[in-house]
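Below, each chain spelled out in residue letters.
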Amino acid sequence: MSRVAAGLAALMLSAGAAQAATLIHAGRVIDGVSDSVRTNQTVVVDAGKITAIESGFRSPADGDRVIDLRNGTLLPGLFDMHVHLTGEYSAHSEMDDYKLNEADVAIDGVVYAQRTLMAGFTTVRDLGDEFRASISLRNAISAGKVPGPRIVAAGKAIASTGGHADPTNGWARKFPANPGPEDGVINGVDDARKAVRQRYKDGSDTIKITATGGVLSIAKNGLNPQMTEEEIRAVVSTARDYGFKVAAHAHGAEGIKRAVRGGVDSIEHGTFMDDEGMKLMKEHGTFYVPTLSAGRWVYEKAQDPDFFPAIVRPKALQVGPQIQATFARAYKSGVKIMFGTDTGVGKHGDNGREFKLMIDGGMPPMEAIRVATSVPAKFLGLDDKTGSIAVGKLGELVGVPGDPLGDIALMERVVFVMKDNTVYKAP
Ligand SMILES: [Zn+2]
């Protein structure tokens, strides 16, 4: 028998062995739920599920694979509750609007999804795309055609005319530019209902609205309210008919309050949230997804006078530093927080930087890990499958070198990623 054939035979034997499992020898296990850290554990993944968690380092049976994370920490696969996987902002983004076709955007999405997974993020909420590309990407990943995180997709975000997610802002008049509910632009409650129903037809999993102006759109004001409370209520009540949760992009205080009173489930960015807004969020149980890394990124890029279009730069300078201060106040006041970065603004794969910024804002490391694992899993109704390390849960696991509770920046250096019974990255 040739060496290749012998190797193949051995491979087939190991694949056929019923007991073959992945044994992860972990120096520390943070389970995503409890405050305690278990040391020197073996976590066993078999057929995609966690089948055992044992003290000590179990010896492998024939065919078992061992992951040596004895110097590191094993965590549940991470969640990023605010990404845009099918794009990445750059100095030429304004021109991309005119140059990129559906296929370009779809291929970019495949590349960015893989980078996100390799950074340890096994589930993401994609809060706005073009060409419904995030929905196709979600389907391809869940069918095992391309590697990537589980995607909870909003599809096209819903805005009002000239609002933050009106895709035609800044276009010359010679281009046709009067989008309606199908393209995610609404004016009035009937449009609001139709836009949600269109997202249902598109195959979206969740709804995203832009309740105020935003930083990167070609428009003057980043803070102004851009929907009436009636429009927001119409979005939310229609969303409930279809089992959708609603996420609201909102920077200004008035738009934040309208969105919370209108019944949305999460406020994204929340930059100029005032005390009344925080009080309302606590009363309504609304989550805050701060996206500190996006704030930091736009502020840094705005130091270069040529990076952003002239209309965007002052907004980037204003909003960036403010989010960090707002997060610190909101956390202290007891607003519920979930981890989200707005990556797409900033480079895909850098999502882990958010942890350090959250710790800088006063959140303890263990809590930052929880709001990136079990808390969003529960919010998305996935907590029976993932978001924690427990027997019976899916083997969606990541490892970092060393102890992230002592050095949170280790969350940016993921060395082990497992999902779908596949080890994508091993130490
Ligand atoms: Zn966003």
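**Observations concerning the overall build of the protein chain**
In terms of regular secondary structure, the protein chain is built from 13 helices and 17 strands. Computed over C-alpha atoms, the radius of gyration of the protein chain comes to 22 Å, within 12% of the 22 Å expected from 2.2 N^0.38 for 427 residues, which places it in the range of a compact globule. Dimensions of the protein chain along its principal axes, counting C-alpha atoms only, are 70 × 50 × 45 Å. Here the protein chain, with 427 residues, has 53% of them falling under the buried criterion.

**Structural notes on the sheet that holds strand S7 (residues 150-153)**
What the three strands build is an open sheet, ordered S5-S6-S7; its pairing is parallel. Two strands close off the open sheet at either side, each with one partner strand: strand S5 (78-83) and S7. With strand direction ignored, the average angle separating the axes of adjacent strands in the sheet is 15°. In this structure, S5 lies alongside strand S6 (residues 121-126), joined through four bridges in parallel fashion. Note that in S6 the partner of Phe79 across the bridge is Thr123.

**Examining the packing of helix H8 (residues 275-284) against helix H10 (residues 313-333)**
One can describe the packing of H8 onto H10 by two numbers: an axis separation of 10 Å at closest approach and a directional angle of 45°. Relative to H10, H8 is oriented oblique. Viewed along their axes, H8 and H10 form a crossing whose handedness is right-handed. Between H8 and H10, the residues in contact are Asp275, Met278 and Lys282 and Thr326, Arg329, Ala330 and Ser333, respectively. Within the contact of H8 with H10, the residues separate by chemical class into two nonpolar, two polar and three charged.

**Re the packing of aromatic side chains**
Inspection of the entire model under this criterion finds 16 aromatic pairs. Pairing Tyr200 with Tyr242 gives two aromatic rings, centres 4.5 Å apart and planes at 45°, and the pair type is tilted. Separated by 42 residues along the polypeptide, Tyr200 in helix H5 (residues 189-202) and Tyr242 in the loop between helix H6 (229-241) and strand S11 (246-250) bring together distant segments of the chain. A relative accessible area of 49% means that Tyr200 is categorised as partly exposed. Grouping aromatic residues by their ring pairs yields a cluster made of Tyr89, Trp297, Phe307 and Phe308. Above the plane of the ring of Phe379 lies Lys245, whose end atom (NZ or CZ) is 5.0 Å from the centre. Lying over the aromatic face of Phe307, Lys301 brings its terminal NZ or CZ to 5.3 Å of the ring centre.

**Describing the environment of Gly395**
Looking at where Gly395 falls in the secondary structure, it is placed in the loop between helix H13 (374-379) and strand S15 (397-401). Taking the relative accessible area as the measure of exposure, Gly395 reaches 2% and is therefore buried. Put simply, Gly395 and Val43 are 352 residues apart on the chain and 9.3 Å apart in space, counted from C-alpha to C-alpha.

**Some remarks on the confidence of the model for the protein chain**
Confidence in the prediction of the protein chain, expressed as mean pLDDT, is 94, and 96% of residues score 70 or more. Note on residues 1-17: pLDDT is under 50 here. Beyond four places in sequence and across chains, it has three contacts.

**A closer look at the side chain of Ser90**
Looking at the element boundaries, Ser90 is found in the loop between S5 and helix H2 (93-99). On the basis of relative accessible area, Ser90 is assigned to the buried category, the value being 16%. Contacts of Ser90, omitting those with residues within four sequence positions, involve Asp96 and Phe307.

**Regarding the pattern of salt bridges**
Going through the model one piece at a time under the given rule, you end up with 20 salt bridges. With a closest N to O distance of 3.7 Å, Arg199 and Asp202 form a salt bridge. In this pair, Arg199 and Asp202 both sit in helix H5, three residues apart, roughly one turn of the helix. Comparing Arg199 with Asp202, the two get one shared label, buried. Between Asp265 and Arg240 there is a salt bridge; the shortest N-O distance is 3.2 Å. Of the two residues, Asp265 sits in the loop between helix H7 (253-261) and strand S12 (266-269) while Arg240 sits in helix H6, which places them 25 residues apart along the sequence. Because the salt bridges share partners, they merge into one network encompassing Arg132, Arg199 and Asp202.

Reading the values: rules and limits
- Residues numbered from 1 in each chain as written.
- Predicted model: local features only at pLDDT ≥ 70, side-chain atom pairs only at ≥ 80, totals over all residues.
- Heavy atoms only, no water.
- Helix = DSSP H or I, 4+ residues; strand = E, 2+ residues; numbered from the N terminus.
- Rg over C-alpha atoms; globule rule 2.2 N^0.38 Å.
- Buried < 20%, exposed > 50% of the residue type's maximum accessible area, 1.4 Å probe, protein only.
- Pairing = 2+ DSSP bridges.
- Axes fitted to C-alpha atoms, helices over the stretch in contact; angles between N-to-C directions.
- Parallel < 35°, antiparallel > 145°, perpendicular 65-115°, else oblique.
- Left-handed = near helix turned anticlockwise from the far one by under 90°.
- Contact = heavy atoms within 4.5 Å.
- Nonpolar A, V, L, I, M, F, W, Y, C, P; charged D, E, K, R; others polar.
- Phe/Tyr/Trp six-rings, centres within 6.5 Å; stacked < 30°, edge-to-face > 60°.
- Lys NZ or Arg CZ within 6 Å of the ring centre and 35° of its normal.
- pLDDT = per-residue confidence, 0-100.
- Salt bridge = Lys/Arg side-chain N within 4 Å of Asp/Glu carboxyl O.

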